[in-house]
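Topology and contacts: notes
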Amino acid sequence: MKISAFSKSYGSRTVLHVPDLELPDGRITAVIGPNGSGKSTLAKILAGIECSDQKRSPLTALSVGYMPQKSYAFRMSVARNLALNGSDLERREKLLHGLQIDSLSRHSAKRLSGGETARMALARLLMRDYKLLILDEPTASMDVESTLAAERLLSDYCRDTGAGILLVTHSLQQARRIAQHVLFLHQGELREQGEASRLLSSPETEELRRFLEFYGI
Amino acid sequence: MGTAIQKAIALIFSSDPELLNILSTTAQLCLTSSVLALLIGLPVGIALGAGRFPGRGVLVVLNRTLMGMPPVVCGLLFYMLFSGVGPFRHLKLLFTVKLMIIAQVVLITPIVIGNMETYVAEIAPSLRETALGLGFGWGKRFLLLVNECVYSIFSVYLLAFARAIAEVGAVSMVGGAIAWKTNVMTTAIMQYTNRGNFTLGIALGLILMLLSLAVNIAVSLMQRRLSR
């Protein structure tokens, strides 16, 4: 999955600059970096939510699914929210069960808690087969049990559909658990990328080494 | 005061023909103008709240200015346009219910637009991001946005109706408060009070409040039914 180089500026300030890069198919790529490093902007541009300075999509035509940091619960039941994105009942039941929200399927999605809304939003996104999933901190508001359940479902999705997943995360433990590939952003620049096991254990740049030290890795 | 209220209540149940005429004129004026304002204002308010186009900010400021337009100024404007020296005099609409409706639509529509714009602008960015992320097209996104606005549509309608039923400045100027023709509850209350006929004034005031209460209850029941 090729991404052509792009940048994003607000006025004269360039907040993100990404060179040509390739994302591995059927694998999970974690995007890590400190606050303000451009992770969410990268996710939004790749998902087509925001425009890059080049005014064209950095991804060549493929179906992309995107889950924003704060997902919207449409004013209808949880089950109907999922049905908006696919009619496969068996798949719906499996996802609701996998994310432990099957008992909430008839509830109004507006009345869910933050963590439940995030689980519902993830289940809704996984109702369809995309070539690339872009997830912006999907488990930030989930408890540990739900986070692990979500990670299992994401790994299964990758394996079953062959889709790539770009996972923006603040949790290095999460990146270690499920990602095979890592992109490290610092001050809007892609400073390092590679196999997760190598990159998280022996960083090449000073910025990543300091970042990992800060998180106690 | 107590006697006047007793007489007013008796008048309400007496089917007084003049009272019934004032009631039907008021109902025609308020229902028509509030529904028309809603039909015009809803799509414009949604477009202003959810749209991203050049000039949007100017339109929002312009609409907010119109929201504060004093009814007598609106009445004066329509009076000048449709009176014997105005450019639309040949339409012969001055002192008719039709012109009262038009003047009220002009007064109420900015309120509908402003309230819808504020509500939609609050939810649209998050809804758009989620819906685009799921790969939904323009049509589906628009329908979902309308679905999210159902409750606020009811609230906005209530606001429009309340403004219509309580309005007196514009309708008295363009309607002239002519008995059996353009007299509505608010203008009639002023007229009868000026003449010292407090009984009819109080009766109309009571009906006005009851009517407002009835509309509020009806809309609340519809909202509750929709939320199930």
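What comes next concerns the included structure. (Residues numbered from 1 in each chain as written. Chains lettered and ligands numbered in written order. Predicted model: local features only at pLDDT ≥ 70, side-chain atom pairs only at ≥ 80, totals over all residues.)

**Comments concerning the overall build of chain B**
- Tallying secondary structure elements over chain B gives ten helices and zero strands in all.
- In sequence order, chain B lays out its α and β elements as α-α-α-α-α-α-α-α-α-α.
- With respect to the principal axes defined by its C-alpha atoms, chain B has extents near 65 × 50 × 25 Å.
- Residues classed as buried in chain B amount to 35% of the 228 residues present.
- Relative to all contacts within chain B whose residues are 6 or more apart in sequence, the contacts with residues 24 or more apart total 78%. (Helix = DSSP H or I, 4+ residues; strand = E, 2+ residues; numbered from the N terminus. Buried ≥ 20, exposed ≤ 12 C-beta atoms within 10 Å, placed from the backbone. Contact = placed C-beta atoms within 7 Å.)

**Observations concerning helix H1 (residues 39-47) of chain A**
Residue and element names in this part refer to chain A.
- A large share of H1 lies buried, amounting to eight of its nine residues.
- For H1, the complete set of buried residues consists of Lys39, Thr41, Leu42, Ala43, Lys44, Ile45, Leu46 and Ala47.
- In the segment just after H1, glycine 48 is the residue with positive phi, at about 85°.

**Concerning the nonpolar core**
- Within the largest apolar cluster, 117 residues are counted, with the highest numbers of intra-cluster contacts made by A:Ile134, A:Val182, B:Ala103, B:Val112 and B:Ala160.
- Among the elements that take part in this core, helix H5 (residues 97-133) of chain B stands out by supplying 18 residues, more than any other.
- Setting aside chain neighbours within four positions, we find A:Ile134 in contact with A:Ala43, A:Leu46, A:Ala47, A:Val64, A:Tyr66 and A:Leu166. (Core = buried A, V, L, I, M, F, W, Y, C linked by C-beta atoms within 7 Å.)

**Regarding the pairing of strand E9 (residues 181-186) of chain A**
Residues and elements named next belong to chain A.
- Where burial is concerned, most of E9 is hidden: six out of the six residues are buried.
- Strand direction decides the pairing type here: strand E5 (residues 28-32) and E9, joined by four bridges, are parallel. Bridging across to E9, alanine 30 finds its partner in valine 182.
- Bridge analysis of E9 against strand E10 (residues 189-195) gives six bridges, and the strand direction is antiparallel. What sits directly across from valine 182, in E10, is glycine 194.
- In this structure, the hairpin formed by E9 and E10 is closed by a connection of two residues, where glutamine 187 is found at a positive phi of approximately 50°. (Pairing = 2+ DSSP bridges.)

**Notes on the interface of chain B and chain A**
- Contacts between the two partners involve eleven residues from chain B and, on the opposite side, 16 residues from chain A.
- A per-element tally of the side of chain B that touches chain A places H5(B) first, with six residues.
- When the residues that make up the side of chain B that touches chain A are grouped by side-chain class, the tally is four nonpolar, five polar and two charged. (Nonpolar A, V, L, I, M, F, W, Y, C, P; charged D, E, K, R; others polar.)

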